[in-house]
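Examination of the molecular architecture
Read off the chains here:
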Amino acid sequence: MKKEKEESSTNFVYILQCRDGTLYTGWTNDIEQRIRAHNSGKGAKYTKGRGPVKLVHLENFPTKEEAMRREWAVKHMKKEKKLELIRGERKC
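Summarised in this report is the structure supplied together with it. (Residues numbered from 1 in each chain as written. Predicted model: local features only at pLDDT ≥ 70, side-chain atom pairs only at ≥ 80, totals over all residues. Heavy atoms only, no water.)

In this section: the environment of Glu32. Counting through the fold element by element, Glu32 comes out in helix H1 (residues 31-39). Accessibility expressed as a relative area gives 58% for Glu32, which makes it exposed. (Helix = DSSP H or I, 4+ residues; strand = E, 2+ residues; numbered from the N terminus. Buried < 20%, exposed > 50% of the residue type's maximum accessible area, 1.4 Å probe, protein only.)

All of the buried residues in H1 are Ile31, Arg34, Ile35, Ala37 and His38. For H1, the arc enclosing every buried residue in end-on projection is 160°, short of the 170-degree limit, so these residues lie on one face. In H1, those exposed residues whose orientation departs by more than 90 degrees from the buried face are Glu32 and Arg36. One or two steps after H1, the chain reaches Gly41, where phi turns positive at roughly 85°. (Arc of directions from axis to C-beta.)

By the secondary structure assignment, His38 is in helix H1. His38 gets classed as buried once you look at its relative accessible area, which sits at 1%. Residues His38 and Leu16, 22 residues apart in the sequence, show an inter-C-alpha distance of 9.4 Å. Among residues more than four places away in sequence, those in contact with His38 are Tyr14, Leu16, Tyr24, Gly43, Ala44, Thr47 and Val53. One polar contact links His38 to Tyr14, side chain to side chain, over a distance of 2.8 Å. (Contact = heavy atoms within 4.5 Å. Polar contact = N/O pair within 3.5 Å; in protein donor to acceptor, adjacent residues only side chain to side chain.)

Have a look at this one:
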């Protein structure tokens, strides 16, 4: 009998603030490793050369699919809405 693959409850959507003040949104299942990658210049093309980055917002999701949907939604927010989210003023 084939065992179903269990979903990890460690799927994160995160917002980073770059050295130049810009924001970067992504998702990962290992937030500590991902931030190290961004700060070493290997995380994403956008953050390369904009480090060091600082984690300013983090959300946890039970599945990769939910995290990816939320990442898409956050990436499509205007900067002011992302700042509200970071400050805890916006929940959706």
